[in-house]
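Breakdown of the fold
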Amino acid sequence: MTLPAHDASEGRPDRPRPISQPLVRLARGTVSGDAVSTAQRLLGALLVHEDGLGRRVGRIVETEAYAGPDDRASHARAGRTARTSIMFGPPGHAYVYLVYGLHHCLNVVCAEDGEAAAVLIRAVEPLEGVERMRAARGRAGTDPDRLAAGPARTCQAFGIDRTFDGIDLLSDDRLWLAAPAAGWRPAAIVSGPRVGVDYAGPDWSDRPWRFGLADSRALSRPFPVGR
DNA sequence: CGAATGATACCCT
DNA sequence: GGGTATCATTCGG
């Protein structure tokens with residue numbers, strides 16, 4: 001039996017790697033600050049979905065900050081409504097909404113002076129349960145790095161829909177957040193304008209409130225080159 | 001580049 | 001109450 005000299009993973013480190021250590025829940029303090037700092041702190045944290053069929057785990061590599069009602073790009077701009085009431089609640093809870101009538105997006109509510117604020121999970125790097133993610137994504141490419149490279153793709157890959165709206169991501173058993181593996185160190189963080197919020201006007205859409213891990217191949221799209 | 005697709009916020013009877 | 005413009009996206013041509 002011979003091994004090919006080269007295979008499809010040539011030139012790429014083997015990814016995803018299995019999780020070797022037990023997962024530890026993320027501390028409430030991680031999401032207890034304002035949206036901008038929380039968005040940066042959540043980079044590297046792990047998103048975990050567990051059910052009877054197994055476990056899906058991925059590393060958060062891209063986020064966006066949405067501040068309180070003053071933020072014209074935030075759903076909180078309309079004040080407290082039936083849809084956004086979760087945003088006005090305690091930090092660590094999931095705010096899941098349907099966008100464009102087709103796609104779900106997952107946010108982590110954070111705390112900002114009791115105002116509504118949240119962090120949109122824009123991209124996740126799959127680490128475990130990749131086959132399950134592929135199945136959940138239907139006809140998508142086979143590259144693990146693209147399976148959750150987008151806010152709606154993340155929800156598809158992890159089976160997240162509005163039934164998860166309002167759950168506590170720091171105590172729930174089905175969908176929860178875990179701390180980065182011990183020894184994991186964040187790469188440089190890059191930032192850029194938030195995606196798809198031009199309607200908010202330049203004062204808000206130009207703010208560099210989108211954050212990503214600079215070396216990640218699982219970003220939803222490139223960050224504009226710095227200048 | 002445009003379609004898909006439905007909840008929602010907002011304005012008007 | 002009812003009509004409707006809008007949308008924190010994705011995929012295929």
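Residues numbered from 1 in each chain as written. Chains lettered and ligands numbered in written order. Predicted model: local features only at pLDDT ≥ 70, side-chain atom pairs only at ≥ 80, totals over all residues. Heavy atoms only, no water.

Section: the overall build of chain A
Under the convention used in this document: Strands are runs of DSSP state E lasting at least 2 residues, helices are runs of H or I lasting at least 4, and numbering of each runs from the N terminus. Each radius of gyration is computed over the set of C-alpha atoms, and the globule rule expresses the reference value as 2.2 Å times the number of residues to the power 0.38. Classification of residues uses two cut-offs on accessible area relative to the type maximum, computed with a 1.4 Å probe and protein chains only: under 20% is buried, over 50% is exposed, and between them is partly exposed. By definition in these notes, contact holds between two residues if any of their heavy atoms fall within 4.5 Å. Areas reported here follow the Shrake-Rupley algorithm with a probe of radius 1.4 Å; residue values treat only the protein chains shown as occluding. In this count, Lys and Arg are taken as positive residues and Asp and Glu as negative ones, while His and the chain termini are left out. Where a charge lies is defined by one atom per residue type: Lys uses NZ, Arg uses CZ, Asp uses CG and Glu uses CD.
In terms of regular secondary structure, chain A is built from 5 helices and 8 strands. Taken from N to C terminus, the helices and strands of chain A fall in the order α-β-β-β-β-β-α-α-α-β-β-α-β. Relative to the 2.2 N^0.38 estimate, which gives 17 Å for 227 residues, the radius of gyration of chain A is 17 Å and therefore close to what a compact globule would have. When the backbone C-alpha atoms are referred to their principal axes, chain A occupies close to 65 × 45 × 35 Å. When the 227 residues of chain A are sorted by exposure, 47% land in the buried category. Sequence separation of 24 or more characterises 64% of the internal contacts of chain A that already satisfy a separation of 6 or more. Entry remark: accessible area of chain A is about 11,200 Å², with carbon and sulfur atoms responsible for 53%. Here chain A carries 29 positive and 27 negative side-chain charges, and the mean point of each set is 2 Å from the other.

Structural notes on the environment of Cys-155
Relative to the assigned elements, Cys-155 resides in helix α4 (residues 151-158). Given a relative accessible area of 2%, Cys-155 falls into the buried group. Not counting residues within four places of it along the chain, the set of residues in contact with Cys-155 comprises His-104, Cys-105, Leu-106 and Ile-160.

Some words on the side chain of Glu-64
If you trace the backbone, Glu-64 turns up in strand β2 (residues 54-66). Beyond its immediate stretch of four places on either side in the chain, Glu-64 contacts Ala-39, Ala-118, Val-119, Leu-120, Arg-122, Arg-194, Val-195, Trp-209 and Arg-210.

Thoughts on a negative patch on the surface
Operational definition: Like-charged residues are merged into a patch within 9 Å and nonpolar side chains (Val, Leu, Ile, Met, Phe, Trp, Tyr) within 5 Å, provided each residue has over 30% relative accessible area and no salt bridge. Note on definitions: salt bridges are taken to be side-chain nitrogens of Lys or Arg within 4 Å of carboxyl oxygens of Asp or Glu.
On the surface, Asp-34, Asp-70, Asp-113 and Glu-115 cluster together to form a negatively charged patch. Within the fold, Asp-113 resides in the loop between β4 (103-112) and β5 (115-128). Since its relative accessible area comes to 78%, Asp-113 is described here as exposed.

Section: the protein's contact with DNA strand C
We apply this condition: For each residue, the test is whether any non-hydrogen atom lies within 4 Å of the molecule or strand; if one does, the residue is near. For this analysis, a polar contact is any N or O atom pair within 3.5 Å, provided that within protein one partner can donate a hydrogen and the other can accept it, and provided that sequence-adjacent residues contribute only side-chain to side-chain pairs. Following the grouping adopted for this structure description, the nonpolar residues are Ala, Val, Leu, Ile, Met, Phe, Trp, Tyr, Cys and Pro, the charged ones are Asp, Glu, Lys and Arg, and the polar ones are all others, Gly among them.
Surveying the vicinity of DNA strand C reveals 19 residues, the closest of which are His-75, Tyr-97, Asn-107, Arg-153 and Tyr-199. Arg-122 places a polar side-chain atom, nitrogen or oxygen, 3.2 Å from a phosphate oxygen of DNA strand C. Of all the secondary structure elements, the ones that give two or more residues to the surface near DNA strand C are β3 (94-99), β4, β5 and α4. In terms of residues, the surface near DNA strand C owes the most to one element, α4, which gives 3 residues. Counted by class, the surface near DNA strand C contains 11 nonpolar, 5 polar and 3 charged residues.

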